[in-house]
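Take a look at the letters that make up each chain.
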Amino acid sequence: MTPASPAVDAVALDAALIQRVTLPERHPLRRGALLAAAVGALAVLALAVLGEPRRMLAAYLTAYVYWLTIALGGLFFVLVMFATRAGWSVTVRRLAEHVAGTLVLFAALFLPLALGADTLFGWWHGADAAADPVLHGKAGYLDPEFFFLRATAYLLAWSLLAFWFRSRSLAQDSSGDPATTRRLQALSAPALIVFGISLTFASFDWIMSLDPHWYSTIFGVYVFSGAVVAILAVLTLGCIALGAGRDPRGERPGPLAGVVTTEHLHDVAKLLFAFVVFWAYIGFSQFMLIWYGNLPEETIWYAHRLEHGWRGVTIALAVGHFVLPFFFLLPRAVKRTRSTLVAASVWLLAMHYLDLYWLVMPAVERHGFHPHLADLVAWLGVGGLFLGTLGLLTARQPLVPVGDPRLAESMAFENT
């Protein structure tokens, strides 16, 4: 008799486990996915009649980048966990794969930005390039055709990477083939290079070029750090909502009870704390170097965010995105308690939106901080479509990679 494969004998392929970590037919996530998508579609359509076109497009851009960075954060989490061969994160990784799987949606949602680019970006027509030496020097890069070519490359690369890693992981659920894990580990390092370069230049194109005279070489890293904070907060909320940290023998434990434990939540929270600090470090480094250099073409970007009502937003961002969560997440007990993790995650997701709003809106609202109904409608519109897509991706697949040979190791994980 041929000996059974280790993968077949592993807990990863246990039929009872597969059934337990798959959402039941009447789970609210299944029922709510189509409703969220419908609300999102209606909100996006309503956005077109809510006000002045450039202000509306700025609101849409802010919402688009907010939800996009969450999806990109999911892709980064998947890639870096394969690259580092992290066994502890296997039970958490599938939710990140589903979040990354929504990236194909953002290729479609880029259409309003493509149609309104000539209104949103002041450099689009190049009329000032001849008289402005800064714009003249950037004319080769700030070119509409080249802009669309780059955007296509970013969106295609992200969608293909997310599709490949998610589809291979899902196929492993049935095959249990350890070679799949080895192949994904080998591909993760070059994929991270593609991810880093594309996210950096997309940040330059879609946010930094709103003020084409200003530039920062670490701007892409700043946006990346916020994206990682956002995905770690989403993973925390998603896992807790699905039963992470609960007793699997308790009342209505949830599909992830006993699979994603307090130990996993603790490690995700430690990463969340680390990237809160990293975000602050990159933000302060950017500000300090520009303040020290004191060059008018560089300081003007911060001047717009320190006058006409934006100073309070800047201070609120520094305190809310760093000071408060730093001290709140510092104790070990906070990182191991479901209620405090929910509070911290919701707060940081709100701060992530404020951060992106602070990056985008002063380029449009130069004369003050004026929130608009379009901001909320755009957030609901893109968010509803994102959540609807995520719900559909999640509904019919196991919530953990049940074919991964390291699943047993992950389920037994304990912090030391």
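Description of the structure in this document. Only a predicted model underlies this, so the values are computations on that prediction, with no experimental measurement involved. (Residues numbered from 1 in each chain as written. Predicted model: local features only at pLDDT ≥ 70, side-chain atom pairs only at ≥ 80, totals over all residues. Heavy atoms only, no water.)

## So, the environment of Pro401
(1) Moving on: One can find Pro401 in the loop between helix 17 (373-395) and helix 18 (407-411).
(2) Moving on: For Pro401, a relative accessible area of 0% translates into the label buried.
(3) Moving on: Separated by 235 residues in the primary sequence, Pro401 and Arg166 place their C-alpha atoms 9.9 Å from one another.
(4) Moving on: If near-sequence neighbours (up to four positions away) are discounted, Pro401 is found in contact with Val90, Arg93, Arg94, Ser169, Asp173 and Leu407. (Helix = DSSP H or I, 4+ residues; strand = E, 2+ residues; numbered from the N terminus. Buried < 20%, exposed > 50% of the residue type's maximum accessible area, 1.4 Å probe, protein only. Contact = heavy atoms within 4.5 Å.)

## What to know about the nonpolar core
(1) Moving on: In terms of nonpolar packing, the biggest core is built from 130 residues, with Tyr64, Ile70 and Trp206 touching the most fellow members.
(2) Moving on: When residues no more than four places from it in sequence are discounted, the contact partners of Tyr64 are Phe106, Leu109, Phe110, Leu113, Leu155, Trp206 and Val382. (Core = buried A, V, L, I, M, F, W, Y, C linked by side-chain atoms within 4.5 Å.)

## A few points about the layout of surface pockets
(1) Moving on: Looking at the largest pocket, its volume works out to about 480 Å³.
(2) Moving on: What lines the largest pocket is a set of 21 residues, among which Leu29, Gly238, Ala241, Leu387 and Leu390 lie closest to the centre.
(3) Moving on: Within the residue set of the lining of the largest pocket, elements represented by two or more residues are helix 3 (28-47), helix 4 (53-83), helix 5 (90-101), helix 12 (219-241) and helix 17.
(4) Moving on: Residues of the lining of the largest pocket, tallied by class, amount to 16 nonpolar, five polar and no charged. (1 Å grid on protein atoms, 1.4 Å probe; cavity = no way out; pocket = protein on both sides within 12 Å on 5 of 7 lines; lining within 4 Å. Points joined across faces, edges and corners; volume = space filled by probe spheres on them. Nonpolar A, V, L, I, M, F, W, Y, C, P; charged D, E, K, R; others polar.)

## Brief notes about unusual backbone geometry
(1) Moving on: Not every positive phi belongs to a glycine, and Arg85 is a case in point at roughly 55°.
(2) Moving on: Relative to the assigned elements, Arg85 resides in the loop between helix 4 and helix 5.

## Thoughts on the side chain of Gln172
(1) Moving on: Locating Gln172 in the fold gives a position in helix 10 (residues 144-175).
(2) Moving on: If we ignore the near neighbours within four places in the chain, the residues touching Gln172 are Asp177, Pro178, Thr180, Thr181, Gly403, Asp404 and Pro405.

## Quick look at the pattern of salt bridges
(1) Moving on: As enumerated under the stated definition, the model contains ten salt bridges in all.
(2) Moving on: Put simply, Glu97 and Arg94 hold a salt bridge, and the shortest N to O gap is 2.7 Å. Of this pair, Glu97 and Arg94 are both found in helix 5, three residues apart, which corresponds to roughly one turn of the helix. A single burial state applies to Glu97 and to Arg94, both of which are buried.
(3) Moving on: In this structure, Arg94 engages Asp173 in a salt bridge whose closest nitrogen and oxygen atoms are separated by 3.0 Å. Taken as a pair, Arg94 in helix 5 and Asp173 in helix 10 lie far apart in primary sequence, 79 residues in all.
(4) Moving on: Judged by its relative accessible area of 9%, Asp173 falls in the buried class.
(5) Moving on: In this structure, a network of salt bridges that share partners links the residues Arg93, Arg94, Glu97, Asp173, Asp404 and Arg406. (Salt bridge = Lys/Arg side-chain N within 4 Å of Asp/Glu carboxyl O.)

## Section: the packing of helix 13 (residues 262-293) against helix 15 (residues 310-329)
(1) Moving on: One can describe the packing of helix 13 onto helix 15 by two numbers: an axis separation of 10 Å at closest approach and a directional angle of 145°. You can see that helix 13 and helix 15 cross each other, and the crossing is left-handed. For the pair helix 13 and helix 15, the contacting residues are Leu272, Phe273, Val276, Val277, Trp279 and Ala280 in the first and Leu317, His321, Phe322, Pro325, Phe326 and Leu329 in the second.
(2) Moving on: Each residue belonging to the contact of helix 13 with helix 15 can be placed in one class, and the counts come to eleven nonpolar, one polar and no charged. (Axes fitted to C-alpha atoms, helices over the stretch in contact; angles between N-to-C directions. Left-handed = near helix turned anticlockwise from the far one by under 90°.)

## Things to note about empty space enclosed by the protein
To find leftover empty space, one rolls a probe the size of a water molecule over the atoms.
(1) Moving on: Within this structure, the stated rule accounts for three cavities of 30 Å³ or more.
(2) Moving on: Looking at the largest cavity, its volume works out to about 70 Å³.
(3) Moving on: Lining the largest cavity are Val65, Leu68, Thr69, Leu72, Trp158, Leu199, Ala202, Ser203, Trp206, Ile207 and Val223.
(4) Moving on: When residues of the lining of the largest cavity are traced back to their parent elements, those giving at least two are helix 4 and helix 11 (178-206).
(5) Moving on: Across the lining of the largest cavity, the residue classes tally to nine nonpolar, two polar and no charged.

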